[in-house]
Amino acid sequence: MIFQPHNRSSQSDAAALARGRIAPNIYDLIAFAMLAALVMLLARGAADMRAPADLLSTSPVTLDIGNLPEYALRTTLRMFAAIIVSLIFTFVVATLAAKSRRAEMVIIPALDILQSVPVLGFLTFTVTFFLGLFPGSQLGAECAAIFAIFTAQAWNMAFSFYQSLRTVPADLDEVSRGFGLSAWQRFWRLEAPFAAPGLIWNTMMSMSGGWFFVVASEAITVGNTTVQLPGIGSWLALAIDKQDFKAVAWAVATMAVLILLYDQLLFRPVVAWADKFRFEQTAGQEKPRSWLYDVLRHTRLIKIAGLPFSWVWQRAMLLRLGRRRIVEPTPSPLWLAKALDYLWLAVIIGVALWGIVAAINYISQTLGWHDVFEAFSGGLVTLLRVILLIALASLIWVPIGVWIGLRPAIAERVQPLAQFLAAFPANVLFPFAVVAIVATGVNPNVWLSPLMVLGTQWYILFNVIAGASAFPSDLKEAAAVFRIRSWSWWKNVILPGIFPYYVTGALTASGGSWNASIVAEVVSWGNTRLEAFGLGSYIAKATEAGDFPRVILGIAVMSLFVTLFNRILWRPLYVFAERRMRLN
């Protein structure tokens, strides 16, 4: 009994210590305040999206500065809704393409084609569908805008994830199999973490690149159908139409604030969190920092609230889905496997030929050979522009991207600036291009061309930065020991190391440039309108007029050009890069 007071004291100390571990601290208060603000903004934005469609005509978009915060919220919600759908699409479709050879035969050509279809092409055939899906509500127009932004984001992310899954180092794959990991465990413990750096950078790029098409997705005009959703894109479209430089400046400033906010509140914490997935951790290496990530790490109640999710995730990682049987089934005869491959290929070719014949029959009913000649000749001109612009962008951004990627501290500081430059809509520069071309009298066919690459060149920069950031430290040290310098270092060390990432960036940049030609080959400022001959201007004029046969013809020709270009150039480079990574 003499020890009872001591026991009571120990119990009270333990209880106080337990209460101290679960009692909220200042970090919890900060986190809950930010979470409450996020929930309120989501609720406000969701309510606005479900508002009656009649408000779009009774309360049209205006250039009142007081409406800009509301427009910024609506645009940001659309962007994040599209990026979430793009991530789901990436994990499902890109993984299926990387894991199944027969699925790859369908998915990769389909991605090539879909990447080449311009946003206006998707809008032409989806606006009516989404409006009919939610009659009397703005939600239909919102879904159309989100889908349009999705088409400007998803392909880049899917190509990046597919490339990473196909280039996992062979030694790491052998180790995972040696430990007996199932296909499910190997994906989440090896392949997804290996692909994380490239996917994160490409997600940032896709988020920023989506701003390029915000104007087209929020201010929709297809034939007699005109929908103008409240948002920064609609604000910019109205400001350009009214030649209001002040309103354009306000929109750009708002975009800068939004990019800074989601960089600090989302991407910077994700980059800091994903640093643990690096397969190489060298002494003295500077790690990415994020004040929000540090706040979340020091919370108490947030961690406790997340324990059930952590428990579910840990149990999910114990699943043995896709585990190989101890007794392997008798493999199919080689002749049967080849026969199935040929049969599958015949089905794909048959479906493709059916689609081509159906498109030709539809076009031939209303169009003539002169329309086909105009579309193909415009496609050749646009192809020449794309090749020259991608080559020029590569010469500029590959050295800069390598320099940034090899210096983590600089990459951290450059990240928000790069996102802003990537997000900066080239549409804002169109008025200055129109004024300059009219004032100097130069040829629009030449000087409108750079506008095509302004919003897509960043795919090259972001992917090269990601590749240089993931470059193995032992190879850098070996190059330093052997004193490999100058051109020899570029040729034998860094360029082979970043090559798969560059191919992904250049492929996506070329597809984005084709897309951008729709808005870059036809520009206007008020009543002044300039056109450059090309396939982009052909599709833009047909879309504006609601001429569906010419829209289909233009999209078909663009898809044909992009698919052939990818098959002749980019796909062989993909195979070459994959082979080099496997050998290394």
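Look a little higher up for the structure.
In every chain, residue numbers begin from 1 and rise along the written sequence. Only residues with pLDDT of 70 or above have their local features reported here, since the model is predicted, and side-chain atom pairs are shown and tallied only from 80 upward, although totals for entire chains, interfaces and linings are computed over all residues. Based on all heavy atoms of the structure, the side-chain values leave hydrogens and waters out of the count.

Attention now moves to the overall build of the protein chain. Helical segments are the DSSP runs of H or I of at least four residues, strand segments are the runs of E of at least two, and each set is numbered from the N terminus. Across its full length, the protein chain carries 25 helices and 4 strands. For the protein chain, the residues scored as buried account for 47% of the 584 residues in total. A separation of at least 24 residues holds for 82% of the contacts in the protein chain among residues at least 6 apart in sequence. Put simply, the protein chain shows about 29,100 Å² of open surface, and 70% of that area lies on carbon and sulfur atoms. Buried, partly exposed and exposed residues are distinguished by accessible area as a fraction of the type maximum, computed with a 1.4 Å probe on protein chains only: under 20%, between the cut-offs, and over 50%, respectively. Between two residues, a contact is recorded if the distance between any of their heavy atoms is within 4.5 Å. What sets the accessible areas is the Shrake-Rupley method with a 1.4 Å probe; for residues, cover comes only from the shown protein chains.

To continue, consider the side chain of S517. Its place among the elements puts S517 in helix 23 (residues 486-520). Side-chain atoms alone can form a polar contact between residues adjacent in sequence; in general such a contact is a pair of N or O atoms within 3.5 Å, and within protein one must be able to donate a hydrogen while the other accepts it. A distance of 2.5 Å separates a polar side-chain atom of S517 from the backbone oxygen of W514. Apart from residues no more than four positions distant in its own chain, S517 is found in contact with T382, M452, G536, S537 and M558.

Once that is clear, we can look at empty space enclosed by the protein. The way it works is a 1 Å grid over only the protein atoms, where trapped points that fit a 1.4 Å probe form a cavity and open points with protein on both sides within 12 Å along at least five of seven lines form a pocket, and then any residue with an atom within 4 Å of a point lines it. Grid points are joined across faces, edges and corners, and a volume is the space filled by probe spheres set on the points. Tallied over the entire structure, the rule returns 2 cavities of 30 Å³ or more. When its volume is computed, the largest cavity comes out at roughly 180 Å³. Surrounding the largest cavity, 17 residues form its lining, A152, F213, Y459, G512 and N515 being those nearest its centre. For the lining of the largest cavity, the elements supplying multiple residues, two or more each, are helix 8 (154-166) and helix 23. Ranked by the residues each element gives to the lining of the largest cavity, the list is headed by helix 23, at 5 residues. Three categories are distinguished: nonpolar for Ala, Val, Leu, Ile, Met, Phe, Trp, Tyr, Cys and Pro, charged for Asp, Glu, Lys and Arg, and polar for the others, with Gly belonging to the last. A class-by-class count of the residues in the lining of the largest cavity yields 7 nonpolar, 10 polar and no charged. Composition of the lining of the largest cavity by domain shows at least three residues from each of domain 1 (15-279 + 286-323) and domain 2 (365-584). The start and end points of each domain follow an automatic or database-based domain assignment.

The subject of this paragraph is the nonpolar core. Formed by 128 residues in total, the largest nonpolar core has its most connected members in F89, L111, W211, I460, W514 and L535. For this core, the leading source of residues is helix 23, giving 15 residues. The residue makeup of this core includes at least three contributed by each of domain 1 (15-279 + 286-323) and domain 2 (365-584). Sequence-distant contacts of L535, that is, excluding residues within four places in its chain, are made with A375, G378, G379, T382, W514, E521, G554, V557 and M558. By convention a nonpolar core is built from buried Ala, Val, Leu, Ile, Met, Phe, Trp, Tyr and Cys residues, the set being connected through side-chain atoms within 4.5 Å. Residues L123, A141, A148 and V227 belong to the second largest nonpolar core, which totals 8 residues.

Okay, the environment of V93 next. Following the sequence through the fold, V93 ends up in helix 4 (residues 68-99). The spatial distance from the C-alpha of V93 to the C-alpha of I108 is 9.6 Å, given a sequence separation of 15 residues.

Turning next to the packing of helix 17 (residues 369-405) against helix 24 (residues 535-545). The relative placement of two packed helices is expressed as an angle between their axes plus a distance between the axes. As a packed pair, helix 17 and helix 24 sit with axes 7 Å apart at the nearest point and diverge in direction by 130 degrees. When the interaxial angle is binned, helix 17 and helix 24 end up oblique. Seen from helix 17, the contacting residues are D371, E374, A375, G378, G379 and T382; seen from helix 24, they are L535, G536 and Y538. Here the residues of the contact of helix 17 with helix 24 are counted per class, giving 3 nonpolar, 4 polar and 2 charged. Lines fitted to the C-alpha atoms define the axes, with helices restricted to the stretch that makes contact. Angles between their N-to-C directions range from 0 to 180 degrees. Comment on the angle field: the value is read as roughly parallel under 35 degrees, roughly antiparallel over 145, roughly perpendicular from 65 to 115, and oblique elsewhere.

Now for the pattern of salt bridges. Between Lys or Arg on one side and Asp or Glu on the other, a salt bridge is scored when a side-chain nitrogen of the former is within 4 Å of a carboxyl oxygen of the latter. The full count for this structure, using the stated rule, is 12 salt bridges. For E142, the salt bridge goes to R78, with nearest N and O atoms at 2.6 Å. Placement of the pair is E142 in helix 7 (residues 139-151) and R78 in helix 4, with a sequence separation of 64 residues. In terms of burial, E142 and R78 fall into one category: buried. A salt bridge links R385 to E521, with the shortest nitrogen-to-oxygen separation between them at 2.9 Å. Of the two residues, R385 sits in helix 17 while E521 sits in the loop between helix 23 and strand 3 (522-525), which places them 136 residues apart along the sequence. Owing to a relative accessible area of 1%, E521 belongs among the buried residues under this scheme.

Moving on, we get to the environment of I240. Tracing the sequence through the fold places I240 in helix 12 (residues 232-241). Given a relative accessible area of 13%, I240 falls into the buried group. For I240 and W525, which are 285 residues apart along the polypeptide, the C-alpha to C-alpha distance reads 6.0 Å.

All right, on to the environment of M452 then. Mapped onto the secondary structure, M452 falls in the loop between helix 20 (444-447) and helix 21 (457-469). Classification of M452 as buried rests on a relative accessible area of 0%. Sequence spacing of M452 and G536 is 84 residues, and the spatial spacing of their C-alpha atoms is 9.9 Å. Not counting chain neighbours up to four residues away, the residues in contact with M452 comprise T382, R385, V386, L389, S513, A516, S517, A520 and E521.

A few words now on unusual backbone geometry. Residues other than glycine predominantly adopt negative phi, and peptide bonds predominantly adopt the trans conformation. Of note, Q243 is a non-glycine position whose phi angle comes to about 55 degrees, a positive value. By secondary structure assignment, the location of Q243 is in the loop between helix 12 and helix 13 (245-274). Its relative accessible area of 42% is what places Q243 among the partly exposed residues.

Turning next to a nonpolar patch on the surface. Residues enter a patch when their relative accessible area is above 30% and they make no salt bridge; the linking distance is 9 Å between like charges and 5 Å between nonpolar side chains (Val, Leu, Ile, Met, Phe, Trp, Tyr). On the surface, a nonpolar cluster with roughly 500 Å² of combined accessible area is contributed by V106, L340, L343, W344, V347 and V351. Sorting elements by how many residues they give to the nonpolar patch places helix 16 (residues 334-364) first, with 5 residues. Note that W344 resides in helix 16. On the basis of relative accessibility, which here comes to 33%, the residue W344 falls in the partly exposed class.

Nothing here speaks to function; it is all geometry.
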